Amino acid sequence: MKEKTKKRFAVSALVLSAMLMLPAGAFAASSNSTSGTAGDVNTHGSLSIYSDYASGSTSASDRAYCKVDVVYTYSWGLVGSVYTKEASDTAAYSTSAWASANSDWVNPKSLRANAAHLVGYGSNSWTGSTYVTY
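Quick summary incoming for the structure in this document. (Residues numbered from 1 in each chain as written. Predicted model: local features only at pLDDT ≥ 70, side-chain atom pairs only at ≥ 80, totals over all residues. Heavy atoms only, no water.)

With that settled, consider the overall build of the chain. Along the backbone of the chain there are one helix and six strands. Of the regular secondary structure in the chain, the N- to C-terminal order runs α-β-β-β-β-β-β. Counting contacts in the chain only where the partners sit at least 6 residues apart, residues at least 24 apart contribute 57% of the total. Summing over all exposed atoms, the chain offers an accessible surface of approximately 8400 Å²; the carbon and sulfur share of this is 54%. (Helix = DSSP H or I, 4+ residues; strand = E, 2+ residues; numbered from the N terminus. Contact = heavy atoms within 4.5 Å. Areas by Shrake-Rupley, 256 points an atom, 1.4 Å probe, with all protein chains shown as cover.)

Turning next to the environment of Ala91. Looking at the secondary structure, you find Ala91 in strand β4 (residues 81-102). On the accessibility criterion, Ala91 (14% relative accessible area) is buried. Separated by 25 residues in the primary sequence, Ala91 and Cys66 place their C-alpha atoms 5.2 Å from one another. Those residues within four positions of Ala91 in sequence are excluded, and the remaining contacts are Ala64, Tyr65, Cys66, Ser96 and Ala97. (Buried < 20%, exposed > 50% of the residue type's maximum accessible area, 1.4 Å probe, protein only.)

With that settled, consider the pairing of strand β1 (residues 30-38). Relative to strand β2 (residues 41-49), β1 runs antiparallel, the two sharing nine bridges. Along β2, the bridge assignment pairs Gly36 with Thr43. Adjacent in sequence and paired antiparallel, β1 and β2 are bridged by two residues, among which Gly39 carries a positive phi angle near 70°. (Pairing = 2+ DSSP bridges.)

Okay, the side chain of Ser110 next. Looking at the secondary structure, you find Ser110 in strand β5 (residues 109-121). Among the polar contacts listed, one links the side chain of Ser110 to the backbone oxygen of Tyr50, at a separation of 2.7 Å. At 2.9 Å, the side chain of Ser110 forms a polar contact with the backbone oxygen of Ser51. Excluding its chain neighbours within four sequence positions, the residues that come into contact with Ser110 are Ile49, Tyr50, Ser51, Asp52, Tyr53, Tyr72, Thr73, Tyr74 and Tyr134. (Polar contact = N/O pair within 3.5 Å; in protein donor to acceptor, adjacent residues only side chain to side chain.)

This part is about the pairing of strand β3 (residues 53-76). For a regular strand, the rule is simple: side chains alternate between the two faces of the sheet. Pairing of β2 with β3 involves seven bridges; the strand directions are antiparallel. Note on β3: the bridge partner recorded for Ser46 is Ser57. Connecting β2 to the antiparallel partner β3 that follows it, the hairpin turn spans three residues. Sheet topology note: the β3/β4 ladder contains 19 bridges and is antiparallel. Within the sheet, the bridge partner assigned to Tyr53 lies in β4 and is Asn102.

In total, this model carries two salt bridges according to the counting rule given. Of the charged contacts in the structure, one is a salt bridge between Asp69 and Lys67, with a shortest N-O distance of 3.1 Å. Judged by its relative accessible area of 29%, Asp69 is partly exposed. A salt bridge links Asp104 to Lys85; its shortest N-O distance comes to 2.8 Å. With Asp104 in the loop between β4 and β5 and Lys85 in strand β4, this residue pair connects regions lying 19 residues apart in the sequence. Asp104 gets classed as exposed once you look at its relative accessible area, which sits at 53%. Lys85 gets classed as partly exposed once you look at its relative accessible area, which sits at 27%. (Salt bridge = Lys/Arg side-chain N within 4 Å of Asp/Glu carboxyl O.)

Encoded structure:
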């Protein structure tokens, strides 16, 4: 086999394996986070938007009441109709809550997302919000 042909096969194999290992939408287009405290507990909220969904989380450094609400806005179709999808998660006596709001359509155009974060620890609480655009 000629050296030029071997190189072509090697490059083709490399590109093909990279395509299989890294699916579309695997990386966040935009992320945002916020942090604070609820009494003696450190808190953190994060939000990421991808090509067809948005996910958010709320975490605490000790077991607490954690809540996250995610609102994902996207457009789809030739006329650019705008849709909103919501998701939430609540976890009592836990260190985190996680929610993902997904598009109802294939190949949407992600626009923006926002999330509300809440941690309750005893009589103390922390609230935060995050916002991202695609």
